[in-house]
Amino acid sequence: MKYFIESGIKKMIILLSVLFYANVYSQGGWYIQLNSPTADIMDLHFINAKTGWAVGFNGSVIKTTNGGVNWESYNISSDYQLSLVRFVNEKYGFAGGFKFDGDLLPHLFRTTDGGISWNISFQVFGTSGVLRSINFINESTGFFGVTYYGVGHVYKTTNSGNNWTLLNTNLSTGYSASDIHFVNTSTGYVSSYKVNNQNDPIVNIIIKSTDAGNSWFELHRDTVPYSNTNWNRKVFFFNENTGYLQRGDLYKTTNGGLNFVSKATGFINSYCFPDIDTGWCTGYDGKIIKTTNGGNTWISQNLSSGNDLFPVFFINSQTGWTGGGGFI
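Residues numbered from 1 in each chain as written. Predicted model: local features only at pLDDT ≥ 70, side-chain atom pairs only at ≥ 80, totals over all residues. Heavy atoms only, no water.

Things to note about the state of the cysteines
This is how the line gets drawn: Here, two cysteine sulfur atoms that lie within 2.5 Å of each other are counted as a disulfide.
With the rule as written, the count across this model stands at zero disulfides. Residue C281 stays outside any disulfide, its sulfur separated by 9.9 Å from that of C272, the closest cysteine.

Some thoughts on the pairing of strand β4 (residues 52-56)
Quick note on the threshold: Three labels apply to residues, based on accessible area from a 1.4 Å probe with only protein chains included: buried if under 20% of the type maximum, exposed if over 50%, partly exposed otherwise in between. Every helix listed is a DSSP run of H or I at least four residues long, and every strand listed is a run of E at least two residues long, numbered separately from the N terminus. Two strands are said to pair when DSSP picks up at least two bridges between them.
Taking burial as the measure, the five residues of β4 include five buried ones, the bulk of the element. Going residue by residue along β4, you find G52, A54 and G56 tucked away on one face and W53 and V55 tucked away on the opposite face as well. Hairpin connection from strand β3 (residues 41-46) to β4: five residues lie between these consecutive antiparallel strands. The hairpin turn running from β4 into strand β5 (residues 61-64), its antiparallel successor, is four residues long, and N58 in that turn takes a positive phi close to 60°.

Some remarks on the packing of aromatic side chains
Two descriptors summarise a pair of aromatic rings, namely the distance from one centre to the other and the angle between the planes of the rings. Filter applied, for reference: Think of it this way: a Phe, Tyr or Trp ring, Trp meaning its six-membered ring, pairs with another when their centres are within 6.5 Å, and the plane angle makes it stacked under 30 degrees, edge-to-face over 60, tilted otherwise. Charges are assigned to positions over rings by a cutoff of 6 Å between ring centre and Lys NZ or Arg CZ, combined with an angular limit of 35 degrees from the ring normal.
Counted under the stated rule, the structure contains 27 aromatic pairs. Considering the side-chain rings of W53 and F87, the 3.4 Å spacing of their centres and the 5° angle between planes classify their relative orientation as stacked. Note that W53 is positioned in strand β4 and F87 in strand β7 (residues 80-87), a separation of 34 residues in sequence. No difference in accessibility class separates W53 from F87, as the two residues are buried. Measuring from ring centre to ring centre gives 6.0 Å for F94 and W164, while their planes differ by 80°; the resulting arrangement is edge-to-face. With F94 in strand β8 (residues 93-100) and W164 in the loop between β13 (151-157) and β14 (165-167), this residue pair connects regions lying 70 residues apart in the sequence. Its relative accessible area of 1% is what places F94 among the buried residues. A connected cluster of aromatic rings, assembled from ring pairs, spans F94, F122, F136, F144, Y155 and W164. Here the basic side chain of K234 rests over the ring of Y271, its NZ or CZ set 4.8 Å away from the ring centre. In this arrangement the basic side chain of R247 is found over the ring face of Y251, its NZ or CZ atom lying 4.9 Å from the centre.

Comments concerning the nonpolar core
Rule in force here: Side-chain atoms within 4.5 Å are what join buried Ala, Val, Leu, Ile, Met, Phe, Trp, Tyr and Cys residues into a set we call a nonpolar core. The contact definition used throughout considers only heavy atoms, calling two residues in contact when any of these lie within 4.5 Å.
One finds L108, F122, L131, I134, F144, Y155 and W164 to be the most contacted residues of the largest nonpolar core, which totals 13 residues. Among the elements of the structure, β11 (129-136) and β12 (142-148) are those that each provide at least two residues to this core. Here W164 is in contact with F94, L108, S121, F122, F136, G142, F143, F144, Y155, K156 and T157, once residues within four sequence places are set aside. Formed by 12 residues, the second largest nonpolar core is a distinct cluster that contains F143, Y175, I180 and W216.

Let's talk about the confidence of the model for the chain
Let me state the cut-off plainly: Residue-level confidence of the predictor, termed pLDDT, takes values from 0 up to 100.
Summarising the model, the chain shows a mean pLDDT of 86, and 89% of its residues fall at 70 or more. Element-level pLDDT for the chain is lowest in helix α1 (residues 10-20), with a mean of 26, against a maximum mean of 97 in strand β19 (residues 235-237). This model gives residues 8-27 a pLDDT under 50, and the stretch forms 36 contacts once residues within four places in sequence are excluded.

Structure follows, in structure tokens:
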């Protein structure tokens, strides 16, 4: 069974748990909101305390307009495995993933009616690839990262996804586009990695743009021993000094990405910082940890159920959601 869990203002949590669930998780203020056998929850996004979306495999798209009390299904075809969702406002949003047709064919879908209907905004035919990241900085301008032909590519739109332009990131063959995040209309970051096989080390790099993606330069590089957790994943910057990077552990920089220091150990599936001090990380076996001092110390909020947790999203320091899959 698949599930959502919400953490929020105490009155809201008690109301939801009393009305809908007899068995309530009490650790750290987390409670089950949705327990459905449809698909693993791979990503979620809220634009306010009431309206949010989640996606998963088998084309699963679900939406809530009351903070997660109820969810409606607006699935895309089951041919698609969805792993990304981002909304610009209550109407415009994007879901990304792939279709398996002998190869993994990346697809990006767009909705203009709040997720009720979806159309293809971008697709790659005839090659194996993975679409890993979507980031919008306003209602018109957004970016996504996709890897195909063994190279990471970054695309940009300035008209809400009607058209996409390939940017020249200067990523060499073998380097992926794992994640992309823009701090403002000018400054953005892409996390990337290269691995040949299990006998070779992993090369991790971060590239940066200061001109809205028109040009890029290498900001950070390091080489680490091969493992299935040592490659660059989610990157997020609050400003041009402070940022976080997920790579097995959670890493933090305070000098603009020149150096990163490990702040949370153990395999991290996702993280979210609604403000510069407060953040959460999720992982396997019900792992949830929280910091209120920028990652210097962490408090465990692990769930006794032991279900694997993937995305986590907070709209402020009190209210957020996480999702995953497994049997309860």
